[in-house]
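Listed below, chain by chain, are the residues.
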Amino acid sequence: MSSVLPNLSLSGSHRDQSFATSFGEQGRARNAFYFASDGGPLFGWLHSATGSPRNMGLVICKPFGYEALCAHRSLRCFAETAAELGIPSLHVDYLGTGDSADMDPLADQISVWTHDVVAAVRELRKRTSVQQVCVLGVRLGALLAVLAAEECKDITSLVLISPIVSGRRYLRALRTARLAASLNAATPDADNAEAGDGAMEASGFLFSAATIGSLTQIDLKTRAVPPVADILVIDGKSLPGAGPWARQLAESGIRANYLELPGLIEMIMTAPQFAQVPREMVAATREWLNGTCDTKSNLAAPAQRSEPTSTSILMTQDDGEPPLKLTERALFFGADNRLFGIITEPRIGEIRRRGVMLLNAGSDSHIGVNRVNVTLAREWASRGYVALRMDLGGLGDSDTRPGQPDDLVFPPAALDDIAAGVELLRTRYAARDVALFGLCSGAYHSLRAAVAGVPVNRILMVNPQNYFWKEGTTLEDLQLAEVVHNPRLYVHRLFSRDAWQRMLGGRVNLWRIARIYAYRSLLAMESKMRDVARRMHIRLPNDLGSELAQIYKRGVRIVLIFARGEPGIDLLKLQAGSSVKKLGGYCRIHIIDGADHIFSQSGPRMIMKKILSGELFARN
Amino acid sequence: MSIRATVVSQFEQVAVEQHRTLARLADDLKLLDSGLDSLSFALIVARLEDSLGFDPFDVDEDLKFPVTFGDFVKLYENHR
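Residues numbered from 1 in each chain as written. Chains lettered and ligands numbered in written order. Predicted model: local features only at pLDDT ≥ 70, side-chain atom pairs only at ≥ 80, totals over all residues.

### Notes on the overall build of chain A
The condition is simple: Note on conventions: DSSP H or I runs of at least 4 residues are helices, E runs of at least 2 residues are strands, and numbering of each starts at the N terminus. With C-beta atoms placed from the backbone, the exposure class of a residue follows from how many other C-beta atoms lie within 10 Å of its own: 20 or more, buried; 12 or fewer, exposed; in between, partly exposed. Residue pairs qualify as contacts under a 7 Å threshold applied to their C-beta atoms, which are placed from the backbone.
A tally of regular secondary structure across chain A gives 20 helices and 19 strands. Buried positions account for 52% of the 620 residues belonging to chain A. Counted over contacts in chain A with a minimum sequence separation of 6, partners at least 24 positions apart contribute 69%.

Now the structure itself:
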């Protein structure tokens, strides 16, 4: 199969400009909407065909958990590529994932999600009049695609990227990750707090006991061949596992193609800010779709309809009361309608006017690490807040500004974007009290917004790793935080024999390490100097202590939550000095044991959420 | 290639892929201080299964994850 690159100019670790541009045009080619499934409302993105319409649609099934966060932009790329070919695509969040409604935590997710895929197929056909539907699945999404094809005759072909062939082997890999994560846990069982008996948490996302039972029984090699006409299986070159099954498919007489291509790890197992679209996989998929789908375009024009952009979310209540009905709305907002967010509105009749904005962590989309932004937004809305979880420009589902790359963790216009979100809450929802919440870079952005005078009343910061950022700085430069946290690691590197050997061999930049270590000593000296300057009321530039005092004077409450051992704690001490103590109750610091940087384990995560809620609702 | 060499190679490869700074791999290095996270270890174990043909974590009894790099290598050497 020849490798024809699509019309995208991907380079380095950033995505292409044309991909970004397509989102900024008038007459948006993609629309967020909600549709029904057996279990509740599902959220999806419908990408309209931009090329000559074909008689085929594409449903895209994402992988599970952290892999889905990493692959977010890549999956959009697959959707856009199909749309350019004239193939409309629907990219769906399964129940209990992304922005879809929550699900019964004890249910069998494999069964529920398979039905969700079938619902998506039917919805796509209804909205676009296509006759053929191809389902593209990545990892667990590929397994769901196969299972859905067994139930739904509307599915005529499959594209399966690194499919999970053996559920047992997949679970084993997740257990290994969990075992490794337990090295960092204060109590090994702490991570099972939300999971329940027999359930498993993997990198912050839960599989129920019923799901594990289902997955253990699934082995595609022992199942009947999927009842479709064509299958493309793309394995990751660095982690191939589907070859034997693909050969089995081909031997059965089905039209099955198998490829091993690079890019899998970079797509699904690399943190979103470093993740890369797998160009060759996209190109291969494009070529295969082009050759497979019906080129007849005598489709009946679909009836003009607007997709519903809001839905009801039912929140169970602890006190035995009937479920609370909240409204969620997907919307684009801001000056050019480039920014995307989901508003969760409190119950009708709520008279308190309070709003909270939940920001991106790193390049993770608006759902947040471990989907925490979704759960917090819904919980806070159930208690009276209007909650906006949004994507800064170039992140998640927001458009990228012209001339800017995608996935910048510290985009230059972040303050403008946050101001637009606050404006939305204050004007459309008449919020008089607005809080910002952010983890890691989200915490940084919250602080910067408050310092810049964006009208907020409270900032809730979790695990900031930096308090300043200069344009041109790279994410690798955040090594400063590591040095602050563990300078002995760098001393060891500086003076070890291995380090000298590698240096002499040109394999490591010891000068950089030495410079960073020396900088730590300077930081410590600078910290003392700044404390003296503050006492003398001399305002130095880039002085965190003065900035915190300044926002305190405006009445902004500051809350900092750290996992114990986080480098941001020491950095706060070095850069803010004695100012923090002087702020008293206006600057509250909490430290949580046994947590990692993103609170991937449910025990510490529950504690973090409880503290956040307590602080948000504190009225002193 | 020895089991140790195979393990070292995978640690180094995954560190590069995951944009992580790998500490010097000594037997007494705590895996928590290696610079890798749990996802990285899962990836290493999966790749080692492909290259060595076995997964020492595929056991029914409760197993604790090795604490040091030396423990990790020993787990694979002893399993063989």
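Further notes follow.
### A closer look at the overall build of chain B
Just so we agree on the cut-off: For the radius of gyration, the atom set is restricted to C-alpha positions; the globular benchmark scales as 2.2 Å times the number of residues to the power 0.38.
Scanning chain B from terminus to terminus reveals 3 helices and 0 strands. Counting from the amino terminus, helix and strand elements in chain B follow one another as α-α-α. Against the globule reference of 12 Å for 80 residues, chain B gives a C-alpha radius of gyration of 12 Å, in line with a compact fold. Over its C-alpha atoms, taken along the principal directions, chain B stretches across nearly 30 × 20 × 20 Å. By sequence separation, contacts in chain B at least 24 residues apart represent 59% of the contacts at least 6 residues apart.

### Focus: unusual backbone geometry
All names here are of chain A. With a phi angle near 55 degrees, Asn-370 is a residue other than glycine that sits in the positive phi range. Given 25 C-beta atoms within 10 Å, Asn-370 falls into the buried group. Phi is positive for Phe-599, which is not a glycine, with a value near 50 degrees. Positionally, Phe-599 belongs in the loop between strand S19 (587-592) and helix H20 (602-617).

### Remarks on the nonpolar core
Residues and elements named next belong to chain A. Definition in use: Note on terminology: a nonpolar core is any set of buried Ala, Val, Leu, Ile, Met, Phe, Trp, Tyr and Cys residues joined through C-beta atoms within 7 Å. What marks off one domain from the next here is an automatic or database domain assignment.
With 194 residues, the main nonpolar core has Val-59, Val-117, Val-135, Ala-145 and Met-357 as its most contacted residues. When we break this core down by domain, the ones giving at least three residues each are domain 1 (29-165 + 218-292) and domain 2 (311-468 + 544-617). Discounting chain neighbours no more than four positions away, the residues touching Val-135 are Val-59, Cys-61, Val-117, Val-121, Ala-145, Ala-148, Ala-149, Ile-155 and Leu-158.

### Regarding the interface of chain B and chain A
Applicable threshold: Basically, the charged four are Asp, Glu, Lys and Arg, the nonpolar ten are Ala, Val, Leu, Ile, Met, Phe, Trp, Tyr, Cys and Pro, and anything else, Gly included, counts as polar.
Taken together, the 20 residues of chain B in the interface contact 19 residues of chain A. With 8 residues, helix H2 (residues 38-52) of chain B is the largest single contributor of residues to the side of chain B that touches chain A. When grouped by side-chain class, the residues that make up the side of chain B that touches chain A number 12 nonpolar, 3 polar and 5 charged.

### Details of the sheet that holds strand S1 (residues 30-37) of chain A
Residues and elements named next belong to chain A. Which entries qualify depends on this criterion: Any two strands with at least two DSSP bridges between them are considered paired. Axes here mean lines fitted to C-alpha atoms, for a helix over just the part in contact, with angles spanning 0 to 180 degrees between N-to-C directions.
The sheet built from 8 strands is open, its strands ordered S1-S2-S4-S3-S5-S6-S9-S10 with mixed pairing. With partners counted over all chains shown, the strands left at the sheet margins are S1 and strand S10 (255-261), one partner each. The sheet shows a mean angle of 20 degrees between the axes of neighbouring strands, direction not considered. Pairing geometry for strand S9 (residues 230-236) and S10, over 7 bridges, is parallel. The residue of S10 that forms the bridge with Val-233 is Tyr-258. On the sheet, helix H3 (residues 109-128) packs against S1, strand S2 (40-47), strand S3 (56-61), strand S4 (89-93), strand S5 (132-138) and strand S6 (155-161) and is oriented at approximately 150 degrees with respect to S3. Contacts from helix H4 (residues 140-151) reach S3, S5 and S6, with the element oriented near 145 degrees to S5.

### Here we look at the environment of B:Val45
For B:Val45, the position within the fold is in helix H2. C-alpha separation for the pair B:Val45 and B:Phe11, spaced 34 residues apart in sequence, amounts to 9.7 Å.

### A word on the packing of helix H10 (residues 372-382) of chain A against H20(A)
All names here are of chain A. Here is the rule: Orientation categories follow fixed angle ranges, with anything under 35 degrees roughly parallel, anything over 145 roughly antiparallel, 65 to 115 roughly perpendicular, and all other angles oblique. Two helices crossing with the near one rotated counterclockwise from the far one by less than a right angle form a left-handed crossing, whereas a clockwise rotation gives a right-handed crossing.
Their axes nearest at 12 Å, the elements H10 and H20 cross at an angle of 40 degrees. As the angle between them shows, H10 and H20 are arranged oblique. The way H10 lies across H20 gives a crossing that is right-handed. Here Val-372, Leu-376, Glu-379 and Trp-380 of H10 lie close against H20, whose contacting residues are Arg-605, Lys-609, Leu-612, Ser-613 and Leu-616. Residues that form the contact of H10 with H20 fall into these classes: 5 nonpolar, 1 polar and 3 charged.

### Quick look at the packing of helix H5 (residues 167-181) of chain A against helix H6 (residues 209-217) of chain A
Residues and elements named next belong to chain A. Two elements in contact, H5 and H6, have axes whose closest approach is 6 Å; the angle formed by their N-to-C orientations is 130 degrees. When the axis of H5 is compared with that of H6, the two are oblique. Along its contact with H5, which presents Gly-167, Arg-168, Tyr-170 and Leu-171, the element H6 presents Ile-212, Leu-215, Thr-216 and Gln-217. Tallied by class, residues from the contact of H5 with H6 come to 4 nonpolar, 3 polar and 1 charged.

### Notes on the domain arrangement of chain A
Residues and elements named next belong to chain A. When its domains are assigned, chain A resolves into domain 1 (29-165 + 218-292), domain 2 (311-468 + 544-617) and domain 3 (481-541). Across the contact, 12 residues belong to domain 1 and 14 residues belong to domain 2. For the side of domain 1 that touches domain 2, the element with the highest residue contribution is helix H2 (residues 66-84), accounting for 3 residues. Broken down by class, the residue content of the side of domain 1 that touches domain 2 amounts to 7 nonpolar, 3 polar and 2 charged.

### Concerning H6(A)
Residue and element names in this part refer to chain A. What counts, and what does not: Within this analysis, the arc is defined by the directions that extend from the helix axis to the C-beta atoms.
Taken as a whole, H6 has its buried residues at Thr-211, Ile-212 and Leu-215. For H6, the angular spread of the buried residues around the axis is 100 degrees, confining them to a single face. Looking at the packing, one finds that the buried side of H6 touches H3, H5, strand S7 (200-202) and strand S8 (205-207).

### Regarding the confidence of the model for chain A
In low-pLDDT segments, the atomic positions of the prediction should not be examined closely. Heads up, the condition is: A residue's pLDDT is the confidence the predictor assigns to it, expressed on a 0 to 100 scale.
Here chain A shows a mean pLDDT of 85. Residues at 70 or above account for 83%. Confidence over residues 1-26 of chain A falls short of pLDDT 50; this stretch has 49 contacts with residues more than four positions distant or in other chains.

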